[in-house]
Amino acid sequence: MKCIRHILCQAAWFICVLGWWNTASAQPLASGSLPSDIQRVVSRGELRVAMPVFDSPPFFYEGPDGLAGIDAEIARGVAQALGVRLKVVRQAGSFNEVIDSVVRGEVDMAVGKLSRTLTRAKSVRFSEPYSMSRHALLLNRVTFAAFARSRDFSEVVRHFDGTLGVIQDSSFADQATRNFPRARLVTYKRWDDLLAALTRGEVTAAYRDEFEMQRLFQQDPALSLSLRVVAFTDTQDSLSVALPYQSQQLLALVNLYLAQQRTTLDNLPEMRKMRKQP
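Residues numbered from 1 in each chain as written. Predicted model: local features only at pLDDT ≥ 70, side-chain atom pairs only at ≥ 80, totals over all residues. Heavy atoms only, no water.

Draft legend 1. Spatial organisation of the overall build of the protein chain. Along its length, the protein chain carries 13 helices and 12 strands. A burial count over the protein chain gives 45% of its 278 residues as buried. A fraction of 71% describes how many contacts in the protein chain between residues 6 or more apart in sequence connect residues 24 or more apart. Here the protein chain has roughly 15000 Å² of accessible surface; of this, 55% comes from carbon and sulfur atoms. (Helix = DSSP H or I, 4+ residues; strand = E, 2+ residues; numbered from the N terminus. Buried < 20%, exposed > 50% of the residue type's maximum accessible area, 1.4 Å probe, protein only. Contact = heavy atoms within 4.5 Å. Areas by Shrake-Rupley, 256 points an atom, 1.4 Å probe, with all protein chains shown as cover.)

Written as structure tokens, this is what we have:
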């Protein structure tokens, strides 16, 4: 009889503990139990995201209904996952200035066609890439022909030592010094300024990602008469979200969001347009 009572008492105790555990498990985490980088955002009730002040469609641009594009969708999605409102800070005049705002702790993260580079990775953390594009040169056909003369085309391109235009404070300005160490670099503040200089023959080639160059020909097919794209199969431009180096938990959340939303992001009209380009 005592044995039976003992067993019943143990069973009752187990049921009570199990009920308490299930109740506790169903409760949301107390705000104080969140990792510090997430806690800052949740306590503020706002996710601060840096983007360049200029537009770069289809990644980020001012549309008829406000900020639009692939990067805008990512920023909204992360804010929604955190249950906070989104504040986009668009003050940086260059891609490197966007990274600098992350380093200074002025924002929680940055997204805006930001390339992963070794130099930038010294001071910020990068998410997994959400878009990839090959590196490419955009050549002025006439200027390049005069420069190359009778030399082998592929050798001249691979070991390019002519005038090479890049956007100031961009990832390609940084990578050009390593990938084309013999080239004479000329920097321009804006992509449009660089294109104008290339068209005039002030530089022989421009260095950027293949997507931006193909987009030019989609907008104006006649440009193919004077300009030529050469894409490299062994180098790629990886676009990622940038975060402060201390924000390990927020980085994990961003990576999980990108992984879970991969299909949704790939089916955005902007992404579909990119895949259709030649």
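Now, onward.
Draft legend 2. Focus on the packing of aromatic side chains. Under the criterion given, the structure shown has nine aromatic pairs. A ring pair is formed by F54 and F60, whose centres lie 6.2 Å apart and whose planes are at 50 degrees; its orientation type is tilted. Ring geometry for F180 against F232: centres 5.9 Å apart, planes inclined by 55 degrees, an arrangement best described as tilted. In this pair, F180 sits in the loop between α8 (171-179) and β9 (184-188) while F232 sits in strand β11 (residues 227-239), placing the two residues 52 residues apart along the sequence. The exposure classification of F180 matches that of F232, with both residues buried. An aromatic cluster is built from F144, F147, F153 and F160, whose rings are joined through pairwise contacts. The residue whose ring lies beneath R151 is F147, and the NZ or CZ to ring-centre distance is 4.9 Å. Sitting over the face of the ring of W191, R208 holds its NZ or CZ atom 4.9 Å from the ring centroid. (Phe/Tyr/Trp six-rings, centres within 6.5 Å; stacked < 30°, edge-to-face > 60°. Lys NZ or Arg CZ within 6 Å of the ring centre and 35° of its normal.)

Draft legend 3. Region of interest: the environment of L67. Secondary-structure assignment places L67 in strand β3 (residues 66-68). A residue is classified by how much of its surface remains accessible, and L67, at 16% relative accessible area, is buried. Along the chain, L67 and V88 lie 21 residues apart, while their C-alpha atoms are 9.1 Å from each other. If near-sequence neighbours (up to four positions away) are discounted, L67 is found in contact with M51, Y61, E62, A72, R76, V88 and R90.

Draft legend 4. The arrangement of the pattern of salt bridges in detail. By the definition in use, this model includes 16 salt bridges. A salt bridge links E210 to R134, with the nearest nitrogen and oxygen atoms 2.9 Å apart. Of this pair, E210 sits in helix α10 (residues 210-219) while R134 sits in strand β7 (residues 131-140), and the two are 76 residues apart along the sequence. For E210, a relative accessible area of 14% corresponds to the buried category. R134 sits in the partly exposed class, given a relative accessible area of 29%. One salt-bridge network, in which partners are shared between bridges, spans K113, R208, D209, E212 and R215. (Salt bridge = Lys/Arg side-chain N within 4 Å of Asp/Glu carboxyl O.)

Draft legend 5. Up close: the sheet that holds strand β10 (residues 205-209). Taken together, the five strands give an open sheet; going across it, the order is β9-β8-β10-β7-β11, and neighbouring strands pair in mixed fashion. On the outer flanks of this sheet lie β9 and β11, each paired with one strand and no other. For this sheet the average axis-to-axis angle between neighbouring strands, irrespective of direction, equals 25 degrees. Here strand β8 (residues 163-167) pairs with β10 via two bridges, running parallel. Residue G165 lies in a different strand from β10, and its bridge partner there is A206. Here α8 sits on the sheet in contact with β7, β8, β9, β10 and β11, set at roughly 115 degrees to β10. (Pairing = 2+ DSSP bridges. Axes fitted to C-alpha atoms, helices over the stretch in contact; angles between N-to-C directions.)

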